[in-house]
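# Summary of structural features
Below, each chain spelled out in residue letters.
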Amino acid sequence: PALRARGNAIAKRGDLTVHADTLTAHYRDKAAGGSEIWQIEADGHVRLQQPDRTVTGEHAIYNLDTRVLKVTGGALGVDTGKEKLTATDSLEYQDGSQIAIARGNATVVQTDRRVRADTMTGHFQHQAGGKLDLVRLEADGNVEVKTPDTYATSNKGDYDLKADIMTLSGNVKVTNAGNQFNGEYAEVNVKTGVSRLLGSPSGSGTVKSLIMPSSQSSQ
């Protein structure tokens, strides 16, 4: 059985508030008698709000057993107040492990810094006072990192948001001040744009560089 509410529908569970054009609650019988909600579906202008983040999309399903929220449709995004994460295919949040998975042109923006990949996995962690912060991002497929001074690409990336360091691996290319450096492994300080490029994590391997000559005015 299911119960449906239409027209600026709102549902609350703990610190989670769900807004949508239509909300559907699915019930099931309990072994001890009575019934319980096991799944909630939201459709149309979906907005899920918690103290530390807001999730938006057009369709959402929250399974209370697995504590997994999946959001699809247009305007997919997560806003933590510090970062904005967007995607084109789907957003999935696993409440138990505090992991968010963005699929399809996944992009994280922090003021003048941007990280993009085909798929991105964000790890959240409770801080002092109970606040939930995004502390790590794993990027996979066609990774791009942009800062005011640096543009880098690779196959994979691992971003430590606390240290502001992103580790890139696989077909790494880093461009800074018009100069390009190629290797298999790099560490980029996302805050300062300073990068350290290696042939491999151990420091072995080959690093190739293309240094552009500085332009000088004729005398």
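This structure is a prediction, so every number in the text was calculated from the model and none was measured.

So, on to the packing of aromatic side chains. This structure, assessed with the given rule, holds one aromatic pair. Summarising the aromatic geometry, the rings of Tyr-93 and Phe-124 are spaced 5.8 Å apart at their centres and angled 80 degrees between planes, so their arrangement reads as edge-to-face. Pair noted here: Tyr-93 is in strand 8 (residues 90-94) and Phe-124 is in strand 10 (residues 113-126), with a separation of 31 residues, a long-range link. A relative accessible area of 10% places Tyr-93 in the buried class. Above the face of the Tyr-93 ring, Arg-53 is positioned so that its terminal group lies 4.4 Å from the ring centre. We note Arg-53 situated over the ring of Phe-124; from NZ or CZ to the ring centre the distance is 5.4 Å.

For Glu-187, the location among the structural elements is in strand 14 (residues 179-189). Residues Glu-187 and Gly-130 lie 57 residues apart in sequence; the distance between their C-alpha atoms is 31 Å. With residues near it in sequence (within four places) discarded, Glu-187 still touches Ile-165, Met-166, Thr-167, Val-194, Ser-195 and Arg-196. For Glu-187, the side chain forms a polar contact with the side chain of Tyr-185, separated by 3.4 Å.

Let us look at the confidence of the model for the chain. Residue-level pLDDT values for the chain average 85, and 90% of them are 70 or greater. Considering each helix and strand of the chain separately, the mean pLDDT is smallest for strand 16 (residues 208-210), with a value of 42, and largest for strand 5 (residues 68-72), with 94. Note that residues 206-219 has pLDDT below 50 and, in this model, 18 contacts with residues that lie over four places away or in other chains.

The next subject is the pairing of strand 9 (residues 99-110). The element strand 9 is largely enclosed, with a buried count of nine among its twelve residues. Pairing analysis gives three bridges linking strand 7 (residues 84-86) to strand 9, with the strands arranged antiparallel. Counterpart to Leu-85 in the pairing with strand 9 is Val-108. In this sheet, strand 9 lies alongside strand 8 in antiparallel orientation, the contact comprising five bridges. Counterpart to Tyr-93 in the pairing with strand 9 is Ala-100. Hairpin connection of strand 8 to strand 9: four residues between the antiparallel strands, including Gln-98 at a positive phi of 55 degrees. Pairing analysis gives ten bridges linking strand 9 to strand 10, with the strands arranged antiparallel.

Time to look at the nonpolar core. One recurring pattern in soluble globular proteins is that nonpolar side chains are buried together. Residues Leu-48, Val-71, Leu-91, Met-120, Met-166 and Leu-168 are the most contacted members of the largest nonpolar core, which totals 46 residues. With six residues, the single largest contributor to this core is strand 11 (residues 132-146).

Looking at where Gln-98 falls in the secondary structure, it is placed in the loop between strand 8 and strand 9. On the accessibility criterion, Gln-98 (18% relative accessible area) is buried. Within polar-contact distance, the side chain of Gln-98 engages the side chain of His-126 at 3.1 Å. In contact with Gln-98, other than residues within four places in its own chain, are Tyr-93, Gly-122, His-123, Phe-124, Gln-125, His-126 and Leu-132.

The rules behind these values
- Residues numbered from 1 in each chain as written.
- Predicted model: local features only at pLDDT ≥ 70, side-chain atom pairs only at ≥ 80, totals over all residues.
- Heavy atoms only, no water.
- Phe/Tyr/Trp six-rings, centres within 6.5 Å; stacked < 30°, edge-to-face > 60°.
- Helix = DSSP H or I, 4+ residues; strand = E, 2+ residues; numbered from the N terminus.
- Buried < 20%, exposed > 50% of the residue type's maximum accessible area, 1.4 Å probe, protein only.
- Lys NZ or Arg CZ within 6 Å of the ring centre and 35° of its normal.
- Contact = heavy atoms within 4.5 Å.
- Polar contact = N/O pair within 3.5 Å; in protein donor to acceptor, adjacent residues only side chain to side chain.
- pLDDT = per-residue confidence, 0-100.
- Pairing = 2+ DSSP bridges.
- Core = buried A, V, L, I, M, F, W, Y, C linked by side-chain atoms within 4.5 Å.

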